Amino acid sequence: MNKKLTIVTVLLAVVMSLPAMAQEVEVTSRQRLLEGVEGPAFYPVLNTTGDRLLFTTQDGALKYYDFADDVTTVVTRDYVAGHDACWGGDGKVYFVTQQTGEDRLVYRTGHSYDLATRETATVTEAKHGAVRAVPATRGGAMKAPGRDYASSADIGNAAWTEGSRVHVTVNGEERVFSPVDSWAGYLWASLSPDGKRVAFFAAGKGIVVIDLRGQMLAMLGNYEMPCWYNNDYLVAQNAKDDGHQFTSSQLLLLKADGTWQAELTKPASMSMQPTCGGGRIVYTTIDGLLYEMKINIHE
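Rules of the game
Residues numbered from 1 in each chain as written. Predicted model: local features only at pLDDT ≥ 70, side-chain atom pairs only at ≥ 80, totals over all residues. Heavy atoms only, no water. Salt bridge = Lys/Arg side-chain N within 4 Å of Asp/Glu carboxyl O. Helix = DSSP H or I, 4+ residues; strand = E, 2+ residues; numbered from the N terminus. Buried < 20%, exposed > 50% of the residue type's maximum accessible area, 1.4 Å probe, protein only. Pairing = 2+ DSSP bridges.

Okay, the pattern of salt bridges next. Scanning all chains against the criterion turns up eleven salt bridges. Residue lysine 63 pairs with glutamate 38 through a salt bridge whose shortest N-O separation is 3.0 Å. Highlighted residues: lysine 63 in strand β4 (residues 62-66) and glutamate 38 in the loop between β1 (24-32) and β2 (41-46), separated in sequence by 25 residues. Of the charged contacts in the structure, one is a salt bridge between glutamate 292 and arginine 280, with a shortest N-O distance of 2.8 Å. Taken together, the positions of glutamate 292 in strand β26 (residues 290-298) and arginine 280 in strand β25 (residues 280-285) put the pair twelve residues apart, joining distant regions of the chain. Across this residue pair, the class does not change: glutamate 292 and arginine 280 are buried.

Laid out in structure tokens, this is it:
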């Protein structure tokens, strides 16, 4: 009797594991972007519909590329630190410029850029200290020392990190969570497309997924720069270094519940800084070569 139960248990386990074993991802296309048009490009950021792409140049200028018009436009030629630019839910670009003052301190200034008028507005004055642009579902915000900025009274939902805390705004209510210990802090928080979960990176722990009440749902591995591909999957960077420079870097597709992952690029490709939107994945290489990738997930 015990032997029969054991056989049945093993068979059930095999059957239940078949869907996960059968799951795979197919890269259906991969192509260079802006080849021969732009020089090295870094920190790409797609908007939610995936038809426009922000990126910074080698000298720190900020530009955006319109896939439909095949046109690149300069947002600012002032220095924009990496990952200090985002798309707001209102279609505007929110970004932070950086300059060194006469006192040799670094000062950061928050701006918004209107694509329709091509006009830039300064939304926070120059401050010494951290200033970060935060995308929201109905607009954008700036978190700055002494004075925050919001594009309207109701910017919708948003997520960002400060130290070892992740902040989530839901219907105007701000919630603050520290679901995992991380002495070096959190980075790269983002809302899932349906607005029901938040993914972020905790230094020393990896990618964490929580719900809007701070309940931990999954830990996806010690990878960086997570971005939501859709409500069920994220793309992340898996980079290795020798303490001085990168030795390898690849992109991974991660299931949001932590049950599955797959390679999208090989470690030797030195691919990094992924961004997702509208079914597109865009990334750059260590040399600043921009690529667009499309995938098909078979479940």
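What follows is about the pairing of strand β21 (residues 233-241). When you tally the buried positions in β21, you get seven out of nine residues, the bulk of the element. Alignment of strand β20 (residues 224-228) against β21, held across three bridges, turns out to be antiparallel. Following the sheet pairing, tryptophan 228 is matched in β21 by leucine 234. If you look at the hairpin formed by β20 and β21, you'll find four residues sitting between the two strands. Pairing of β21 with strand β22 (residues 246-255) involves nine bridges; the strand directions are antiparallel.

The next point concerns the pairing of strand β8 (residues 106-114). Relative to β8, strand β7 (residues 93-100) runs antiparallel, the two being bridged by eight bridges. The residue bridging threonine 100 from the neighbouring strand is valine 106, located in β8. Hairpin geometry of β7 and β8 is characterised by an intervening segment of five residues between the two adjacent antiparallel strands and by a positive phi of about 70° at arginine 104. Strand direction decides the pairing type here: β8 and strand β9 (residues 119-127), joined by six bridges, are antiparallel. Across the sheet, the residue bridging to aspartate 114 is glutamate 119, located in β9. Adjacent in sequence and paired antiparallel, β8 and β9 are bridged by four residues, among which arginine 118 carries a positive phi angle near 60°.

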